[in-house]
Amino acid sequence: MKFVSLLGATGSIGKQTLDVIASHPEQFRLSSMSVGKNIEAAEEIIRTFKPEICAVQNEADAQTLKERVDNSTKVVHGMEGLIEAAVSTKSTVVVNSVIGSVGLLPTLKAIEANKTIALANKETLVTAGHLVMEKAKKHNIAILPVDSEHSAIYQCLNGEDINRVEKLILTASGGSFRDKTRDELKNVTVKEALNHPNWSMGAKITIDSATMMNKGLEVIEAHWLFSFDYSKIDVILHKESIIHSMVEFVDTSVIAHLGQPDMRVPIQYALTHPERLELVNGKRLNLWEAGKLHFQKMDYDRFRCLKLAFEAGNMGGLMPTVLNAANEKAVELFLDGKISFLEIEEMIERAMLQAENINKPELDAIQETDKRTRDFVESLLNKGR
């Protein structure tokens, strides 16, 4: 029996993690969880899974939830509550599926508490990859990727000599606007941006997919997870999302990981590694039904956010923090209808141009830069951009 701490239980990854846990009650139990503000969903999860701890975002919601559930589940709130959910139970694995840089501190604390990390929160490694990987190495803690792309690479590398790898190849669906020109992107709506052709995901990550920032964050994450230089990480367009990623070796051979676009597969693999379980109600991949698979070389001028991510990764230091914070704030403004779609990348670039960089920043510098960058992007609204 594995006891699981699930951070971000009501998001897309969180819901699918709960599905995996419910499908294998003899293998997994939910020991703690966190939610944002969806108290109704939290109440339902608590009644179904009976975790020891539930963390919510604010104190008022915590009080409301306490009145609705029995005392067998402790309800906590804020960052302290989020950390408590990550470290203070008998869980052995923490599934971090919260959205944004808020996932960093709980990850660091969970590593210190000797929890295995099943990581779906890209921003943790993007903003502080050097701190996270150094701490994981110090405590001998495994960080298992939940993103389908990184899980694919992880599996393709299994048993291989890392020194004989030529390149990591991340595949990208292209998102909601993959067939549009830059000129056609000028007046796209939030509703159109949220209509992803392949995956069912939360709003923020769906917008990131449309801008290709999601793939940019994955490039930086892959750099830290697998210790590869950015010159050895490539991205190609693959509209069907059947091949989740590939690894090319020095002898020109390529190993690819294929499967249906179902996030329960990498979630379950991270929870069962190195074993595998049946995926309940999983759809088999019949290639004769898929027919043709299409691939296209990445156009970095068309997808400027991906280009900016490579630039930030190569610069290192605080620049990935700036990239991520600016993107989070700009996406928030787009979802609120305050800026246009193309202004997302413009704000990110302006934030990077004004930022001061330092190498190997400590946590305080990362957190301060994150806040300062968000404030800068917000200020652009008042300056007429």
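Keep in mind it's a predicted model, so treat the numbers as computed, not measured.

## Examining the environment of D251
Locating D251 in the fold gives a position in the loop between β10 (243-249) and β11 (254-258). Judged by relative accessible area, which is 52%, D251 ranks as exposed. Taking the C-alpha atoms as reference points, D251 and V165, 86 residues apart in sequence, are found 8.9 Å from one another. Reaching out from D251, the side chain makes a polar contact with the side chain of S253 at a distance of 2.6 Å.

## A look at the nonpolar core
Within the largest apolar cluster, 82 residues are counted, with the highest numbers of intra-cluster contacts made by L323, F341, I344 and I348. Excluding its chain neighbours within four sequence positions, the residues that come into contact with F341 are F177, L185, V188, A210, T211 and F334. Listed in part, the 32 residues of the second largest apolar core include A42, L65, V95 and A270.

## Comments concerning the UniProt feature "domain: 1-deoxy-D-xylulose 5-phosphate reductoisomerase N-terminal" (unreviewed entry) in the chain
In the numbering used here, UniProt assigns the "domain: 1-deoxy-D-xylulose 5-phosphate reductoisomerase N-terminal" (unreviewed entry) feature to residues 4-129. The span residues 4-129 is 48% helical and 21% strand by assignment, and the distance between its end C-alpha atoms comes to 23 Å.

## Section: helix α11 (residues 264-272)
Most of α11 sits inside the fold, with eight of its nine residues counted as buried. Regarding α11, the residues found buried are R264, P266, I267, Q268, Y269, A270, L271 and T272.

## A closer look at the sheet that holds strand β2 (residues 28-34)
Hydrogen bonds between backbone atoms are what pair the strands of a sheet, whose relative direction is either parallel or antiparallel. The strand order across the open sheet built from seven strands is β4-β3-β2-β1-β5-β6-β7, with neighbouring strands paired in parallel fashion. Because the sheet does not close on itself, it has two edges, and the strands there are β4 (74-77) and β7 (143-145). Sheet twist, expressed as the mean angle between neighbouring strand axes with direction ignored, is 25°. With four bridges connecting them, strand β5 (residues 93-96) and strand β6 (residues 116-119) associate as parallel partners. Pairing of V94 across the sheet is with I117, part of β6.

## Observations regarding the side chain of T171
Position of T171 among the secondary structure elements: in strand β8 (residues 165-172). Among the polar contacts made by the side chain of T171, one reaches the main-chain carbonyl oxygen of H244 at a distance of 2.9 Å. Beyond its immediate sequence surroundings of up to four residues, T171 is in contact with E149, K215, I236, H238, I243, H244, S245 and M246.

## With respect to the domain arrangement of the chain
Examined at the domain level, the chain breaks down into domain 1 (2-141), domain 2 (148-262 + 285-301) and domain 3 (316-384). Centre-to-centre, using C-alpha coordinates, domain 1 lies 26 Å away from domain 3. Per-residue buried area on domain 1 facing domain 3 is highest for V126, T127 and H130; these three make up 46% of the total on that side. For the pair domain 1 and domain 3, the number of links is five residue pairs in polar contact (both at pLDDT 80 or more).

## Focus: the sheet that holds strand β9 (residues 233-237)
Strand order in the open sheet formed by five strands is β11-β10-β8-β9-β12, and the pairing between neighbours is mixed. Single-partner strands in this sheet number two, and they are β11 and β12 (296-297). The pairing of β8 with β10 spans five bridges and is antiparallel. Residue pairing across strands places I169 opposite M246, the latter belonging to β10. Strands β8 and β9 of the sheet are contacted by helix α10 (residues 213-226), whose axis makes an angle of about 150° with β8.

## Some remarks on the packing of aromatic side chains
In this description, a pair of aromatic rings is defined by centroid distance and the angle of the planes. Enumeration over the complete set of coordinates arrives at three aromatic pairs. Taken together, a centroid distance of 5.1 Å and an interplanar angle of 85° make the contact between F177 and F341 edge-to-face. In this pair, F177 is assigned in the loop between β8 and α8 (190-193) and F341 in helix α15 (residues 341-354), connecting sequence segments 164 residues apart. On the basis of relative accessibility, which here comes to 2%, the residue F177 falls in the buried class. Centroid distance F334 to F341: 5.7 Å. Interplanar angle 70°. Geometry classified as edge-to-face. Each member of the aromatic cluster is reached from another via a ring pair, and the members are F177, F334 and F341. Taking the ring centre of F303 as reference, the NZ or CZ of R302 above it sits at 4.2 Å.

Reading the values: the criteria
- Residues numbered from 1 in each chain as written.
- Predicted model: local features only at pLDDT ≥ 70, side-chain atom pairs only at ≥ 80, totals over all residues.
- Heavy atoms only, no water.
- Helix = DSSP H or I, 4+ residues; strand = E, 2+ residues; numbered from the N terminus.
- Buried < 20%, exposed > 50% of the residue type's maximum accessible area, 1.4 Å probe, protein only.
- Polar contact = N/O pair within 3.5 Å; in protein donor to acceptor, adjacent residues only side chain to side chain.
- Core = buried A, V, L, I, M, F, W, Y, C linked by side-chain atoms within 4.5 Å.
- Contact = heavy atoms within 4.5 Å.
- UniProt positions renumbered as here; feature names shortened; annotations may be inferred.
- Pairing = 2+ DSSP bridges.
- Axes fitted to C-alpha atoms, helices over the stretch in contact; angles between N-to-C directions.
- Domains from an automatic or database assignment.
- Buried area = accessible area lost by both parts, 1.4 Å probe.
- Phe/Tyr/Trp six-rings, centres within 6.5 Å; stacked < 30°, edge-to-face > 60°.
- Lys NZ or Arg CZ within 6 Å of the ring centre and 35° of its normal.

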